[in-house]
Structure formats: structure tokens, C-alpha cells
Amino acid sequence: MTGDGERAFTQTLERDQRVEPRDWMPDGYRRTMIRQIAQHAHSEIIGMQPEGEWITRAPTLRRKAILLAKVQDEAGHGLYLYSAAETLGADRGDLTRRLIEGRQKYSSIFNYPTLTFADVGVIGWLVDGAAICNQVPLCRSSFGPYARAMIRICKEESFHQRQGYELLMTMMTGTPAQRETVQDAVNRWWWPSLMMFGPPDADSPNTAQSMAWKIKRHTNDELRQRFVDMTVPQAQALGVTLPDGELAWNAERGHYDFGAPDWAEFKRVLAGDGPMNARRIAHRRRADADGAWVREAAAAHAAKQSRAAGQ
Ligand code: 3HC
């Protein structure tokens, strides 16, 4: 028997309105939102590591300042998103433990190494570009706090993407060695960037329900295609080659045809067997342990404040 809450929830979705934390929602919707928001938050926090490794090695003060700002932005994105997850009853400490213990995922892309400074530019251009493709539709996600967090995050991501592309443009007008360094980074990051959009729709256990609940507005393959269509002209303008022999404009479809990512590699990375998985989690575990005293002190102070207020 459909209760008032369920009727209201269905009506909210039908009207393209937003579900708010205090609204009735199916348990499955709550679980899916916590899962997706937590993974998104984990990805932002883990995503600080690959580029963070280059802050002390940036070639100029300007590049260092830009990279500092970007990495700080990622931390802020993580905090917004953990706060959005908390509106659903999740506990931030529990989510961190799930991440560290491998019971929750973060984006596969951050399990690849950043070997040269060109990687910083390619991450901005391709990884943040893919994130923008994925996150702009999430500004219309049905869960209010998540959609609102996306609006601000997307504004900052566009700065991330532009600074990366500008960095690469600078290197491409440099020496042949610099141009080769950029091409090498593009070769290493192209396919992992396509994997950011998730498995093919046919292998996605969550997409159908997430589309029905208007959490997702497009499928994994739709967004992957949108990203390829957007990126090919940018690669041409940059003067780099995307490492896909099947890439070709299909006038009939009005899209670029492209090859398939190595889904066996994708599955290996998700299972923890990527080049940098162990290092990323060890770093996060250490940071969590190092920060325990701060959390304990803040909790003790808050308890003291509430005792004083109660007296
Ligand atoms: N990395 C890690 N796990 C992935 C993944 C990826 N690239 N793609 C899919 N998965 C996981 C899913 O989480 C799911 O596992 P789970 O059920 O245990 O959670 C499984 O693979 C099946 O995938 P589905 O497509 O069925 O799962 P979803 O419907 O959740 O779709 C998603 C996956 C498209 C990544 C979706 O979760 C999403 O849009 N998330 C929000 C955006 C996001 O997380 N982006 C990550 C990058 S953040 C970032 O880039 C920071 C920026 O500053 C650079």
C-alpha cells in the first residue's frame, strides 16, 4: 500500500523537484545516495595526492600557487560532499574507515602515478574535464544537498580544467622534449580518464535504478561519448594525438567513434591492483591517524562548550 511519503517522493521526482534530507525516501535511495556521495568525496580527498606530490616541485612560483589552490579546492569538495552524506545519516568517521578498509571505492583514476609535471596539466585537462562532464548533470541530481554541492564544485572544476590546458599549451610551445613529455602523459592518462565514467552501461548494476531515481541524468556511456566529442577538438588544438587508432568522426552518428578501454585493467584497479592503490590508501590511513588528536581535541572542546552552555 503506497503511503503518503512514497506518494510525495514519487511526485517530487515526477516534477523534477529535489528530495531534501527530512523528506521520506526509499531505503534504497538513501543507501545509493550515501554510496555515491561517499565515493565522490573519497575521490576528491584521494585525488589530492597525485598532484600534491608536485607542489614542492612546481617549475615556477605561479605554477606552485595554482597547484596549491587546486589541491586545496579538492579538499573543500571532499568536505562539502561528506557534509552532504551526513544529511542522510552517514557518519564521516565511518565513511573514512570504509574507505581505508577498502569497503568503499574512490575513482580508479587516482591509482595511476604522476611521473612528470606534464601529468599535472593532463590531469587538469582530461581528469577534471571528465569530472566536469560527469558532474554538470549531477547539478540536476534529485537529492538537494548533492545537487547544490555540485553547483559550486563545477565552478571550481572549470578553473582546474582551464589551468591544466593552459599549462599544456605552454609546454607545447616549448622544446621538442617538452612536447614529447606532454604526449607521453596524454598516452598514459587517456584510457584511465575514459574509465572514470564507469563500466559500459550493459555492465553497470546501478545505472538503471539511479536513472529512475534521477540521481544520474545520463548513463555512463552517454557521458563517456560526450567527453570524447568534447576532447578531440581540444587535443587537435593542443597538437597532441589521442592514443586510440579507432578514433574517427562518424557523420552519421554525429559523434566520434572510439575504441574500448581495457575493462580487465579497470576491474583490476577497482579490485585494488592498480599501480598506486596501496600507496594512496597507506597515505590516507597515515593522515587519518595523524589527525586523530585534532578530532579528539575538537570533540573535547565541543563537549566542554555544551556543558558550559547547559550550566
Ligand atoms: N572508479 C571506481 N569505482 C567505479 C568507477 C570508477 N571510475 N566507475 C564505477 N565504479 C564502481 C561503482 O561505484 C560501482 O561499485 P559499487 O556498487 O561498489 O559502488 C560499480 O563500479 C559499478 O558501476 P556503476 O556504473 O553501476 O556505478 P554508479 O551508478 O555509481 O556509477 C559513477 C559510477 C559514474 C562513478 C557514479 O558513481 C558517479 O557519477 N559518481 C559521482 C562522480 C564521481 O564520483 N566522480 C569521481 C571523480 S571525482 C574527481 O574526479 C575529482 C576531480 O576534482 C578531479
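Predicted model, so just to flag it, every value in this text is computed and none were measured.

**Topic: the environment of Ala90**
Okay, step 1: Checked against the element boundaries, Ala90 lands in the loop between α4 (61–86) and α5 (92–100).
Okay, step 2: Residue classification places Ala90 among the buried positions, given a relative accessible area of 15%.
Okay, step 3: Separated by 59 residues in sequence, Ala90 and Arg31 place their C-alpha atoms 9.6 Å apart.
Okay, step 4: Sequence-distant contacts of Ala90, defined by excluding residues within four places in its chain, comprise Ile34, Ala85 and Leu95.

**A short note on helix α1 (residues 4–14)**
Okay, step 1: Along α1, the residues classified as buried are Phe9, Thr12 and Leu13. Projection of α1 onto a plane perpendicular to its axis shows the buried side chains occupying an angular sector of 95°, all on one side. Away from the buried face of α1 by more than 90 degrees, exposed residues Asp4 and Glu14 are located.

**Brief notes about unusual backbone geometry**
Okay, step 1: A positive phi angle is found at Asp16, which is not glycine, with a value near 60°.
Okay, step 2: Take Asp16: its relative accessible area is 45%, and that puts it in the partly exposed class.

**A closer look at the packing of aromatic side chains**
Okay, step 1: Inspection of every chain in the model, using the stated rule, returns ten aromatic pairs.
Okay, step 2: For the ring pair Phe9 and Trp24, a centre distance of 5.9 Å and an interplane angle of 75° mean the geometry is edge-to-face. Within this pair, whereas Phe9 is found in helix α1, its partner Trp24 is found in the loop between α1 and α2 (27–46), the two being separated by 15 residues in sequence.
Okay, step 3: Take Phe9: its relative accessible area is 6%, and that puts it in the buried class.
Okay, step 4: Judged by its relative accessible area of 40%, Trp24 is partly exposed.
Okay, step 5: Ring centres of Trp263 and Phe266 lie 5.2 Å apart, and the angle between their planes is 90°; on these two criteria the pair is classed as edge-to-face. Of this pair, Trp263 and Phe266 are both found in helix α11 (residues 263–270), three residues apart, which corresponds to roughly one turn of the helix. Of the two residues, Trp263 and Phe266, both sit in the buried class.
Okay, step 6: Ring-pair connections join several aromatic residues into one group, and the members of that group are Phe9, Trp24, Tyr29 and Trp213.
Okay, step 7: Here the basic side chain of Arg57 rests over the ring of Trp54, its NZ or CZ set 3.8 Å away from the ring centre.

**Comments concerning the nonpolar core**
Okay, step 1: Formed by 48 residues in total, the largest nonpolar core has its most connected members in Trp125, Val182, Trp189, Trp190, Phe227 and Val240.
Okay, step 2: When residues of this core are traced back to their parent elements, those giving at least two are α4, α6 (117–135), α7 (144–172), α8 (176–195), α10 (220–238) and α11.
Okay, step 3: The dominant element in this core, judged by the number of residues it contributes, is α6, at ten residues.
Okay, step 4: Contact partners of Val240, with chain neighbours within four places excluded, come to Trp125, Met172, Val182, Gln183, Val186 and Ala235.
Okay, step 5: Ranked by size, the runner-up nonpolar core spans 28 residues in total, among them Leu81, Ala84, Ala90 and Leu138.

**Comments concerning the packing of α6 against α7**
Okay, step 1: Interaxial distance between α6 and α7 falls to 7 Å at its minimum, and their mutual angle equals 145°. Relative to α7, the crossing made by α6 is left-handed.
Okay, step 2: For the contact of α6 with α7, the per-class residue count stands at 13 nonpolar, nine polar and two charged.

**Considering the site of the ligand**
Okay, step 1: Near the ligand lie 32 residues; those nearest to it are Gln39, Glu74, Lys105, Ser204 and Lys216.
Okay, step 2: One of the backbone N or O atoms of Ser108 is found 2.8 Å from a nitrogen atom in the ligand.
Okay, step 3: Within the complex, 90% of the 990 Å² of free accessible area of the ligand lies under protein.
Okay, step 4: Judged by the proximity of its atoms to the pocket grid, the ligand belongs to the largest pocket.
Okay, step 5: Residue assignment for the shell around the ligand shows that the elements contributing at least two residues are α2, α6, α7 and α11.
Okay, step 6: Examining the composition of the shell around the ligand, we find that six residues originate from one element, α2, more than from any other.
Okay, step 7: In terms of residue class, the shell around the ligand is made up of 13 nonpolar, twelve polar and seven charged.

Reading guide: rules and limits
Residues numbered from 1 in each chain as written. Predicted model: local features only at pLDDT ≥ 70, side-chain atom pairs only at ≥ 80, totals over all residues. Heavy atoms only, no water. Helix = DSSP H or I, 4+ residues; strand = E, 2+ residues; numbered from the N terminus. Buried < 20%, exposed > 50% of the residue type's maximum accessible area, 1.4 Å probe, protein only. Contact = heavy atoms within 4.5 Å. Arc of directions from axis to C-beta. Phe/Tyr/Trp six-rings, centres within 6.5 Å; stacked < 30°, edge-to-face > 60°. Lys NZ or Arg CZ within 6 Å of the ring centre and 35° of its normal. Core = buried A, V, L, I, M, F, W, Y, C linked by side-chain atoms within 4.5 Å. Axes fitted to C-alpha atoms, helices over the stretch in contact; angles between N-to-C directions. Left-handed = near helix turned anticlockwise from the far one by under 90°. Nonpolar A, V, L, I, M, F, W, Y, C, P; charged D, E, K, R; others polar. Near = heavy atom within 4 Å. Polar contact = N/O pair within 3.5 Å; in protein donor to acceptor, adjacent residues only side chain to side chain. Areas by Shrake-Rupley, 256 points an atom, 1.4 Å probe, with all protein chains shown as cover. 1 Å grid on protein atoms, 1.4 Å probe; cavity = no way out; pocket = protein on both sides within 12 Å on 5 of 7 lines; lining within 4 Å. Sits in = over half its atoms within 2 Å of the grid points.

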